[in-house]
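# Summary of the model geometry
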Amino acid sequence: QAQLVESGGGLVQAGGSLRLSCAASGRTFSSYDMGWFRQAPGKEREFVAAIRWSGANTAYTDSVKGRFTISRDNAKKTVYLQMNSLNPEDTAVYYCAADLNWQSVTGRGRLPDYWGQGTQVTVSS
């Protein structure tokens, strides 16, 4: 099993940056593909970014390509989401997710098995 705890959210002005972290517990963290999802008020949860267990492959939703970067440190059992050039449309609760299935963490299959509690990101104009 994996338990996930996000941190790093906050309030930032448009054009600013934030780095989210997701700390995982469990001995098999390095086996899991990891993803970030977000949910804005009144909207469905959507896929943002994902990274393979090895770090060899990444995926992003179109709206964040070139602005967000996902990375991981398996030794620290942590996955990161570096968010640059933030705009108000990025305002949402951001969730970290883990699964052994790549389709799940990229939002194309069933929901991932494990989720964090979420961290709020608010971008002011």
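Refer to the structure presented above.
These notes cover the structure that comes with them. Everything numeric here is computed off the predicted structure, so don't read it as measured data.

## Some remarks on unusual backbone geometry
- Even without being a glycine, Lys77 presents a positive backbone phi close to 55°.
- Tracing the sequence through the fold places Lys77 in the loop between β7 (68–73) and β8 (78–83).

## Observations regarding the packing of aromatic side chains
- With the rule as written, the count across this model stands at four aromatic pairs.
- Note on Phe37 and Phe47: the rings are 5.9 Å apart at their centroids and 75° apart in plane angle, and the pair reads as edge-to-face. Linking Phe37 in strand β4 (residues 33–39) with Phe47 in strand β5 (residues 46–51), this pair joins segments that are 10 residues apart in sequence.
- Three or more aromatic residues joined by ring pairs form one cluster here, namely Phe37, Phe47, Tyr95 and Trp115.
- Its end group placed over the ring of Trp115, Arg45 keeps NZ or CZ at 4.7 Å from the ring centre.
- Just above the ring of Phe29 sits the side chain of Arg72; from NZ or CZ to the centre is 4.7 Å.

## Quick look at the pattern of salt bridges
- Enumeration over the complete set of coordinates arrives at seven salt bridges.
- One salt bridge in this structure joins Arg38 and Glu46, with 2.6 Å as the shortest N-O distance.
- Since its relative accessible area comes to 5%, Arg38 is described here as buried.
- According to the relative accessible area criterion, Glu46 is partly exposed, its value standing at 34%.
- Across the pair Asp90 and Arg67 runs a salt bridge whose closest N-O atoms are separated by 2.8 Å.

Rules and cut-offs
- Residues numbered from 1 in each chain as written.
- Predicted model: local features only at pLDDT ≥ 70, side-chain atom pairs only at ≥ 80, totals over all residues.
- Heavy atoms only, no water.
- Helix = DSSP H or I, 4+ residues; strand = E, 2+ residues; numbered from the N terminus.
- Phe/Tyr/Trp six-rings, centres within 6.5 Å; stacked < 30°, edge-to-face > 60°.
- Lys NZ or Arg CZ within 6 Å of the ring centre and 35° of its normal.
- Salt bridge = Lys/Arg side-chain N within 4 Å of Asp/Glu carboxyl O.
- Buried < 20%, exposed > 50% of the residue type's maximum accessible area, 1.4 Å probe, protein only.

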